[in-house]
Amino acid sequence: MMNIEKKLLQFIHDKVDFDYSFYIKERMTCKICGKEIKDGQKICNSCKIKENKQNKFNERVEKIINSKVNFKKFGWGVQISKILNMTSQASIRWIKKNMKDFYEKECVKSKNSKLN
Ligand SMILES: [Zn+2]
């Protein structure tokens, strides 16, 4: 009888003292902003959105620079628009806004802003 009681007490004691900490996953924080994030993520959603935007931006710049479009020739807007999958007006506007130096130095400008 005594023995069983002891065992029972020991059992309860073990349960209470049991280290559950490994069940509680380590708090994860965003590598960029340090905000707490869900398990399985490396960066938080807002940083992910920012990063995606940055990636898309970089991708576009790369596409433009690596394209074989001759920006010294009229009609580059139409040509680059096919590469960027945008309208020529939007492409030109984007380059003007985001790649100002490139636009000023490399691109021939038409008086008709719809063309270049
Ligand atoms: Zn973040």
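Residues numbered from 1 in each chain as written. Predicted model: local features only at pLDDT ≥ 70, side-chain atom pairs only at ≥ 80, totals over all residues.

Draft legend 1. Geometry of the overall build of the protein. Counting its regular elements, the protein contains five helices and two strands. Starting at the N terminus and ending at the C terminus, the protein contains elements arranged as α-β-β-α-α-α-α. Within the protein, buried positions represent 9% of all 116 residues. Of the contacts formed within the protein by residues at least 6 apart in sequence, a portion of 30% connects residues at least 24 apart. (Helix = DSSP H or I, 4+ residues; strand = E, 2+ residues; numbered from the N terminus. Buried ≥ 20, exposed ≤ 12 C-beta atoms within 10 Å, placed from the backbone. Contact = placed C-beta atoms within 7 Å.)

Draft legend 2. Local environment of the nonpolar core. Core analysis: the biggest nonpolar cluster contains six residues, these being Ile 64, Trp 76, Ile 80, Ile 92, Ile 95 and Cys 107. Elements with a minimum of two residues in this core: helix H3 (76-84) and helix H4 (88-98). (Core = buried A, V, L, I, M, F, W, Y, C linked by C-beta atoms within 7 Å.)

Draft legend 3. Summary view of helix H2 (residues 45-66). With 22 residues, H2 should reach 32 Å at 1.5 Å per residue; the first-to-last C-alpha distance of 31 Å fits that figure. Of all 22 residues in H2, one are buried, a share of ten percent or less. (Expected span 1.5 Å × (residues − 1).)

Draft legend 4. View of unusual backbone geometry. A positive phi angle is found at Asn 85, which is not glycine, with a value near 60°. Examined against the element boundaries, Asn 85 turns out to sit in the loop between H3 and H4.

Draft legend 5. Geometry of H4. Those residues of H4 not exposed but buried are Ser 91, Ile 92 and Ile 95. The buried residues of H4 occupy one face: seen down the axis, they fall within an arc of 95°. (Arc of directions from axis to C-beta.)

Draft legend 6. Main features of the packing of H3 against H4. Between H3 and H4, whose axes approach to 8 Å, the crossing angle comes to 90°. Put simply, H3 runs roughly perpendicular to H4. Judged by residue contacts, Gly 77, Val 78, Ile 80, Ser 81 and Leu 84 of H3 engage Ser 88, Ser 91 and Ile 92 from H4. (Axes fitted to C-alpha atoms, helices over the stretch in contact; angles between N-to-C directions. Parallel < 35°, antiparallel > 145°, perpendicular 65-115°, else oblique.)

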